[in-house]
Amino acid sequence: MDQIKRDQLKEAGFSEDVLPTKPADRNWNFGNFATVWMGAVHNIPNYIAIGGLFALGMSVGQVFAAIMCASVIIAAMMVLNGHAGSKYGLPFAMLLRASFGHKGAMIPGVIRGVIAAIMWFGFQTYAGSQAFSILIGKLWPSYLTLGGEWDFFGLTLPAMISFLLFWLFNVGLIFGGMKVLGKFTNILSPLVYIVFGGMAIWAINLAGGIEPILNYSADGIDGNKLIVFLGAVVAVLAAWSAPMVNVSDFTMLARKPKDQMLGQTIGLIVTYVLFAVASIAIIVGSEIAFGTPIWNVLDVVARFDGTFAIGISVLTLCLTTLSVNVTGNIVPAGYQLAALFPKKLNFKTGATVAAVIGILIMPWKLMENSTSIFTFLNIVSGLLGPITGVMLAQYFVIDRTHIDLEELYSSGGKYSYQNGFNVNAIVTIIVAGVLGLIGNFVPFFEPLYEISWIVGIASAFILYTLLEFPKASRPQLDRAKTAAGHK
């Protein structure tokens with residue numbers, strides 16, 4: 001897109017943040033994409049989720065297989081749904097227009113970029129602030145007793161200070177921009193390998209070597225083993241249902257499509273190998289050594305000897321949480337709000353508004369119920385899976401990887417559909433969403449709910465293709481008939 005066209009779009013109300021990335025700004029290489037998602041893998045909720053798999057009675061081999069199976073699917077989805085971003089430099093908020101229409105795009109955009117992003121941003125900020133409190137408490141023990149019995153809607157004074165400080169770190173990364181974020185993830189990479197590799201070695205030594213961990217005997221799976229295994233895969237996938245949808249917000253910065261394809265594939269799978277080894281070693285090793293599994297990685301850190309080991313470990317956990325919070329939540333929220341209000345907000349102001357709302361929802365109150373996060377995550381993944389299915393079907397089957405940028409940024413033409421809404425796409429996400437989530441309300445369909453993301457993305461891809469393909473093929477048939485008539 002040339003500068004003249006860009007200037008015309010700005011005059012029409014589009015901010016620079018939602019226009020295709022300029023060639024000069026497409027500077028993310030293999031290394032950036034290999035490290036950008038490390039925080040999304042190595043974080044506290046993910047370790048707790050793996051503990052839940054062992055609670056189901058799965059063996060070490062089954063848990064490892066489920067994690068690695070999920071990692072391959074995650075890498076494939078991130079690469080495929082990121083292809084349009086790397087090819088055209090398109091942000092997620094604009095890419096949605098291709099399948100949902102310029103008005104209809106607001107529906108999935110709000111689900112992903114506003115509701116899911118802001119809610120999860122609040123959850124992750126509070127979780128990170130808890131680790132931050134531990135870090136400050138090790139350096140300044142009396143910090144944890146500040147304020148005495150003072151309470152603010154369930155937050156003690158130290159907890160509130162930690163929450164606000166950690167929130168400010170998140171906002172600081174927003175104003176640093178995507179270049180600073182790319183450098184931040186590169187710095188985080190060696191820390192992740194050192195700390196989590198060290199945790200795995202510590203747990204293996206506690207258990208008396210690798211052999212006792214490999215020989216760990218599980219209680220056995222109750223019920224249909226295939227459904228339980230697929231449910232375990234989906235449990236790992238669920239945390240990725242949101243980044244999969246808006247991955248183009250990052251791949252639009254790729255120098256070449258090959259950078260994001262190889263970087264994300266190798267980075268995610270290698271990182272998940274380390275995560276699988278570390279999480280299994282920690283959970284099983286601690287059960288062998290202490291008679292009870294340690295499912296929260298912060299409890300593992302608390303058992304370390306030495307202030308330095310504890311400090312560097314908690315710092316790394318804080319940084320991984322910060323990384324996943326910015327990449328997975330605040331970036332899509334910023335771009336989506338900028339797309340919804342292009343004349344009033346850009347990426348940074350939109351992200352700041354989202355961050356402020358993340359405080360106002362008081363996430364610490366929402367997390368008082370231990371099951372609230374997982375219920376929220378299951379519902380969101382059941383809604384976002386269908387959106388991903390529609391986007392993939394539109395780009396690879398209907399558009400055959402070709403997007404007309406001029407029409408995409410127009411209020412009329414190919415992507416206007418019916419008054420700006422693609423009814424087929426909206427019907428598809430409703431039907432696929434109901435299929436994936438109905439089991440939460442009707443016991444007979446519970447197996448579908450246990451694999452809601454798979455049901456959602458697969459049914460949406462098939463249904464949308466069936467609805468749209470005849471319409472997409474019609475122009476080709478008309479051109480063929482015209483050509484035949486000229487012979």
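Basis of the calculations
- Residues numbered from 1 in each chain as written.
- Predicted model: local features only at pLDDT ≥ 70, side-chain atom pairs only at ≥ 80, totals over all residues.
- Heavy atoms only, no water.
- Helix = DSSP H or I, 4+ residues; strand = E, 2+ residues; numbered from the N terminus.
- Rg over C-alpha atoms; globule rule 2.2 N^0.38 Å.
- Buried < 20%, exposed > 50% of the residue type's maximum accessible area, 1.4 Å probe, protein only.
- Contact = heavy atoms within 4.5 Å.
- Areas by Shrake-Rupley, 256 points an atom, 1.4 Å probe, with all protein chains shown as cover.
- Salt bridge = Lys/Arg side-chain N within 4 Å of Asp/Glu carboxyl O.
- Expected span 1.5 Å × (residues − 1).
- 1 Å grid on protein atoms, 1.4 Å probe; cavity = no way out; pocket = protein on both sides within 12 Å on 5 of 7 lines; lining within 4 Å.
- Points joined across faces, edges and corners; volume = space filled by probe spheres on them.
- Nonpolar A, V, L, I, M, F, W, Y, C, P; charged D, E, K, R; others polar.
- Axes fitted to C-alpha atoms, helices over the stretch in contact; angles between N-to-C directions.
- Parallel < 35°, antiparallel > 145°, perpendicular 65-115°, else oblique.
- Left-handed = near helix turned anticlockwise from the far one by under 90°.
- Phe/Tyr/Trp six-rings, centres within 6.5 Å; stacked < 30°, edge-to-face > 60°.
- Patch = residues over 30% accessible without salt bridge, like charges linked within 9 Å, V, L, I, M, F, W, Y side chains within 5 Å.
- Polar contact = N/O pair within 3.5 Å; in protein donor to acceptor, adjacent residues only side chain to side chain.
- pLDDT = per-residue confidence, 0-100.
- Core = buried A, V, L, I, M, F, W, Y, C linked by side-chain atoms within 4.5 Å.

Looking only at helices and strands, the protein features 23 helices and zero strands. In terms of C-alpha radius of gyration, the protein reaches 23 Å, essentially the compact-globule figure of 23 Å for 487 residues. Taken along its principal axes, the extent of the C-alpha atoms in the protein is 80 × 50 × 40 Å. Counting all 487 residues of the protein, 54% fall into the buried class. A separation threshold of at least 6 residues defines the contact pool for the protein, and within that pool the share at least 24 residues apart is 83%. When the accessible surface of the protein is totalled, it reaches about 20300 Å², and 67% of it is carbon and sulfur.

Turning our eyes to something else, we now look at the pattern of salt bridges. Summed over the entire model, instances satisfying the criterion amount to two salt bridges. The partner of Arg255 in a salt bridge is Asp259, with the nearest N and O atoms 3.6 Å apart.

Before going further, it helps to examine helix 16 (residues 307-340). Over its 34 residues, helix 16 extends 47 Å from the first C-alpha to the last, a length consistent with the 50 Å expected when each residue adds 1.5 Å. The element helix 16 is extensively covered by neighbouring structure, given that 27 of its 34 residues are classed as buried.

As enumerated under the stated definition, the model contains three cavities of 30 Å³ or more in all. Its volume calculated, the largest cavity comes out at about 70 Å³. Leu80, Asn81, Ala84, Leu95, Ala98, Ser99, Met391, Gln394, Tyr395, Asp399 and Ile403 are the residues that line the largest cavity. At the level of elements, helix 5 (60-81), helix 7 (92-100) and helix 19 (372-398) are the ones that each hand at least two residues to the lining of the largest cavity. In terms of residue class, the lining of the largest cavity is built from seven nonpolar, three polar and one charged. Approximately 40 Å³ is the volume attributed to the second largest cavity. Taken together, Asn46, Ala49, Ile50, Ala235, Val236, Tyr272 and Phe275 make up the lining of the second largest cavity. Sorting the residues of the lining of the second largest cavity by element identifies helix 4 (44-55), helix 11 (225-238) and helix 14 (257-290) as the ones contributing at least two each. The element that contributes the greatest number of residues to the lining of the second largest cavity is helix 4, accounting for three residues. Of the residues assigned to the lining of the second largest cavity, the class counts are six nonpolar, one polar and no charged.

Looking now at helix 11. The end-to-end C-alpha distance of helix 11, which contains 14 residues, comes to 20 Å, matching closely the 20 Å that a straight helix rising 1.5 Å per residue would cover. Three or more residues of helix 11 are buried, namely Val228, Gly231, Ala232, Val233, Val234, Val236, Leu237 and Ala238.

This brings us to the packing of helix 4 against helix 14. In contact at an axis separation of 10 Å, helix 4 and helix 14 are set at 60 degrees when each is read in the N-to-C sense. With respect to helix 14, the axis of helix 4 lies oblique. Here helix 4 runs over helix 14; the crossing is right-handed. Every residue of helix 14 that contacts helix 4 at Asn46, Tyr47, Ile50, Gly51 and Phe54 is listed here: Tyr272, Phe275, Ala278, Ser279, Ile280, Ile282, Ile283 and Val284. Here the contact of helix 4 with helix 14 is built from residues that sort into 10 nonpolar, three polar and no charged.

Once that is clear, we can look at the packing of aromatic side chains. Tallied over the entire structure, the rule returns 17 aromatic pairs. Taking 5.8 Å as the distance between ring centres and 70 degrees as the angle between the ring planes, the aromatic pair formed by Trp37 and Trp240 counts as edge-to-face. Taken as a pair, Trp37 in the loop between helix 2 (30-35) and helix 3 (38-41) and Trp240 in the loop between helix 11 and helix 12 (241-245) lie far apart in primary sequence, 203 residues in all. Each ring, one from Phe152 and one from Phe153, has its centre 5.0 Å from the other, and the planes form 90 degrees; the classification is edge-to-face. Of the residues examined, Phe152 reaches a relative accessible area of 34% and is grouped as partly exposed. Through a chain of ring-to-ring contacts, the aromatic side chains of Trp28, Phe33, Trp37, Trp240, Phe250, Tyr272 and Phe275 assemble into a single cluster.

Attention now goes to the side chain of Asn81. Structurally, Asn81 can be placed in helix 5. Look past the residues within four positions of Asn81 in its chain and what remains in contact with it is Met244, Val245, Val247, Ser248, Thr388, Met391 and Leu392.

Okay, a nonpolar patch on the surface next. On the surface, a cluster of nonpolar side chains totalling about 400 Å² of accessible area is made up of Phe30, Tyr193, Leu262, Ile266 and Val270. A per-element tally of the nonpolar patch places helix 14 first, with three residues. With respect to the helices and strands, Tyr193 occurs in helix 9 (residues 157-207). Exposure remark for Tyr193: the relative accessible area of 33% places this residue in the partly exposed category.

A few words on the environment of Ser279. Inspection of the secondary structure assignment puts Ser279 in helix 14. Remark: the alpha-carbon pair of Ser279 and Ala200, spanning 79 residues in sequence, is separated by 7.5 Å. Setting aside residues no more than four positions away along its own chain, Ser279 makes contact with Tyr47, Ile50 and Ile67.

With respect to the helices, strands and loops of the structure, Arg97 is situated in helix 7. In this structure the side chain of Arg97 is engaged in a polar contact, spanning 3.1 Å, whose partner is the backbone oxygen of Leu408. Once residues lying within four places of it in the same chain are set aside, the contact partners of Arg97 are Phe14, His102, Ala105, Leu408, Tyr409, Ser410, Tyr415 and Tyr417.

In this model, the protein carries a mean pLDDT of 84, and residues with pLDDT of at least 70 account for 93%. Here helix 1 (residues 3-11) is the element of the protein with the lowest mean pLDDT, 72, and helix 21 (residues 423-437) is the one with the highest, 96. Counting interchain partners and residues more than four positions distant, the pLDDT-below-50 stretch residues 479-484 has zero contacts.

Core analysis: the largest hydrophobic core is formed by 104 residues, its most contacted members being Trp37, Ile50, Phe54, Ile74, Trp240, Tyr272 and Ile330. A total of 16 residues in this core trace back to one element, the largest contributor, which is helix 9. Residues contacting Phe54, with those up to four places away along its chain left out, are Ser59, Val60, Val63, Tyr216, Ile280, Ile283 and Val284.

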